[in-house]
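# Observations on the three-dimensional arrangement
Read off the chains here:
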Amino acid sequence: QGKAVASRYFSESSAFKVAQGVSGDVQDKGSVKAFLPYLHVGVQHSLQDIGVRNVFELQRAVKAKEVRFELRTASAQVEGGVHGLNS
């Protein structure tokens, strides 16, 4: 099961393993320098999932109402089962 989980939630070819398709919150604290490579890969994966090539194309798609964002309240997060990857 470990390999199946890895292939579903992580990009196997990526040097930094970033969960995909999982909503979560940050439970750990520390230097932002250690977090930046994961943030970079996460943004790359998100743009790929949305279907845009870069941030400028994302901005254009948002202005053209081709892409929309959803704001979730704390109650909606609890109801939707948002959790950290550690729990």
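Just so it is clear, the structure is predicted and the values come from calculations on it, not from any experiment.

### Points about the overall build of the protein chain
Scanning the protein chain for helices and strands turns up four helices and zero strands. Taken from N to C terminus, the helices and strands of the protein chain fall in the order α-α-α-α. Counting over 87 residues, the protein chain shows a buried share of 14%. Long-range contacts, defined as pairs at least 24 residues apart, comprise 40% of the intrachain contacts of the protein chain with a sequence gap of at least 6.

### Quick look at helix H3 (residues 55-63)
Measuring from the side-chain oxygen of the N-cap residue of H3 to the backbone nitrogen of Phe56 gives 3.1 Å; that N-cap residue is Asn54. With its phi angle positive at about 60°, Lys65 sits one or two positions after the end of H3.

### Concerning the pattern of salt bridges
Inspection of every chain in the model, using the stated rule, returns two salt bridges. One salt bridge in this structure joins Arg60 and Glu66, with 3.2 Å as the shortest N-O distance. Overall, the relative accessible area of 42% leaves Arg60 in the partly exposed class. A relative accessible area of 52% means that Glu66 is categorised as exposed. For the salt bridge of Arg72 with Glu70, the shortest nitrogen-to-oxygen distance reads 3.2 Å.

### Side note on the confidence of the model for the protein chain
This prediction gives the protein chain a mean pLDDT of 76; 61% of its residues lie at or above 70. The secondary structure element of the protein chain with the lowest average pLDDT is helix H1 (residues 2-9), at 48, and the one with the highest is H3, at 96.

### Some details on the nonpolar core
Formed by Leu47, Val52, Leu58, Ala61 and Val67, the largest nonpolar core amounts to five residues. With near-sequence residues (within four places) excluded, Ala61 lies in contact with Val52, Glu66 and Val67.

### Details of unusual backbone geometry
The backbone phi angle of Lys65 is positive, close to 60°, even though this residue is not glycine. Positionally, Lys65 belongs in the loop between H3 and helix H4 (74-80). Residue Lys65 is classed as exposed on the basis of its relative accessible area, which comes to 71%.

### Quick word on helix H2 (residues 32-50)
In a regular helix each residue adds 1.5 Å, so 19 residues correspond to 27 Å; H2 covers 26 Å between its end C-alpha atoms and thus fits that length. Val41, Gly42, His45 and Leu47 are the residues of H2 that are buried. Contacts made by the buried residues of H2 are with H3. Structurally, the start of H2 carries an N-cap: the backbone nitrogen of Lys33 is 3.1 Å from a side-chain oxygen of Ser31.

Criteria and cut-off values
- Residues numbered from 1 in each chain as written.
- Predicted model: local features only at pLDDT ≥ 70, side-chain atom pairs only at ≥ 80, totals over all residues.
- Heavy atoms only, no water.
- Helix = DSSP H or I, 4+ residues; strand = E, 2+ residues; numbered from the N terminus.
- Buried < 20%, exposed > 50% of the residue type's maximum accessible area, 1.4 Å probe, protein only.
- Contact = heavy atoms within 4.5 Å.
- Polar contact = N/O pair within 3.5 Å; in protein donor to acceptor, adjacent residues only side chain to side chain.
- Salt bridge = Lys/Arg side-chain N within 4 Å of Asp/Glu carboxyl O.
- pLDDT = per-residue confidence, 0-100.
- Core = buried A, V, L, I, M, F, W, Y, C linked by side-chain atoms within 4.5 Å.
- Expected span 1.5 Å × (residues − 1).

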